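Breakdown of the fold
Read off the chains here:
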Amino acid sequence: MPSPHSPFYCDHCLHCRLPTTHCVCSKIEPVELPFNIMLCCHSKEWQRNDNTGQWALLSSNNIGRIRWHRKTELIHPAISTVELIKEGGHYLLFPSDDAVDIQQLFQDTNLLTTQELTQPITQLWVIDGTWQEAKKMLKQSPWLKAMPKVKILASEGQPLESQFQLRRNQQGLCTMEAIEAAVKCRSEIAAKSLHQNFTLCQNALLDLLR
């Protein structure tokens, strides 16, 4: 985005981050999710106009966001890693070797007595960053690493394909697509609404770039 002092600058919406003449905020459909989601956002993603985590944040009051920092005391709003452990029900969406298929977790209640999965999902944590950034964030955050992990697989056990067209060399699903896939395990209606919002925001930005 150009500097406000640039002759090429135009007013932008602070929410959808599109030029105010192309703002889509009024067209975004509010979505009620079956569980809460907390985005842990890399600093490089925080103000990007193609950050799909921002689109997800605009879509539902069940989605919150913090700005990640390696030192937890510098994260704002502040989080208590002790409280996270005590509360339970917090899961990290990340495709690690020790992650459980999220669909299997919802379908098989016996999993809640194994692999340290003691409670159903009340809040799903999603790392908002590129794949390289996400791996670095996890490595440098013991509190994220300590969470039980879930992953998303297609019906035949293969990774889902991304429809995100705004970045080159996209690896895996973008943030909003990952949220959509996770929510779909519990609510097809909510997932469909998230997908509509994703398509709306992406198409609006693609139209500007053409």
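Each remark here, short or long, concerns the structure printed above.
Residues numbered from 1 in each chain as written. Predicted model: local features only at pLDDT ≥ 70, side-chain atom pairs only at ≥ 80, totals over all residues. Heavy atoms only, no water.

1. So, the pattern of salt bridges
By the definition in use, this model includes five salt bridges. In this structure, the salt-bridge partner of Asp-207 is Arg-210, at a minimum N-O distance of 2.3 Å. For Asp-207, a relative accessible area of 48% gives the class partly exposed. Each of Glu-45, Arg-48, Asp-50 and Arg-167 takes part in one network of salt bridges that share partners. (Salt bridge = Lys/Arg side-chain N within 4 Å of Asp/Glu carboxyl O. Buried < 20%, exposed > 50% of the residue type's maximum accessible area, 1.4 Å probe, protein only.)

2. Brief notes about helix α4 (residues 131-139)
Counting along an α-helix, one turn takes 3.6 residues, and residues three or four places apart therefore face a common direction. Restricting attention to buried positions, one finds in α4 the residues Glu-133, Ala-134, Met-137 and Leu-138. Projected down its long axis, α4 shows its buried positions confined to an angular sector of 130°, all on one face. (Helix = DSSP H or I, 4+ residues; strand = E, 2+ residues; numbered from the N terminus. Arc of directions from axis to C-beta.)

3. Examining the side chain of Asp-101
Locating Asp-101 in the fold gives a position in strand β4 (residues 100-101). Comment: no salt bridge for buried Asp-101; closest opposite-charge side chain is Lys-151, at 7.8 Å. Of the polar contacts made by the side chain of Asp-101, one reaches the backbone nitrogen of Gln-103; its length is 3.1 Å. Non-local contacts of Asp-101, meaning those with residues more than four positions away in its chain, are made with Lys-151 and Leu-153. (Lys, Arg positive; Asp, Glu negative; His and termini not counted. Polar contact = N/O pair within 3.5 Å; in protein donor to acceptor, adjacent residues only side chain to side chain. Contact = heavy atoms within 4.5 Å.)

4. Things to note about the pairing of strand β3 (residues 90-93)
The two faces of β3 match: His-90 and Leu-92 on one face and Tyr-91 and Leu-93 on the other face are all buried. Pairing between β3 and strand β5 (residues 123-128): four bridges, direction parallel. Bridge pairing in β5 links His-90 to Gln-123. Relative to strand β6 (residues 149-151), β3 runs parallel, the two being bridged by two bridges. What sits directly across from Leu-92, in β6, is Lys-149. (Pairing = 2+ DSSP bridges.)

5. Remarks on the sheet that holds β3
The parallel open sheet is built from six strands, whose spatial order is β2-β1-β5-β3-β6-β4. Pairing within the sheet leaves two strands with one partner each, and these edge strands are β2 (63-67) and β4. Contacts from helix α6 (residues 175-184) reach β1 (36-41), β3 and β5, with the element oriented near 160° to β5. (Axes fitted to C-alpha atoms, helices over the stretch in contact; angles between N-to-C directions.)

Keep in mind that these numbers describe shape and distance, not what the molecule does.
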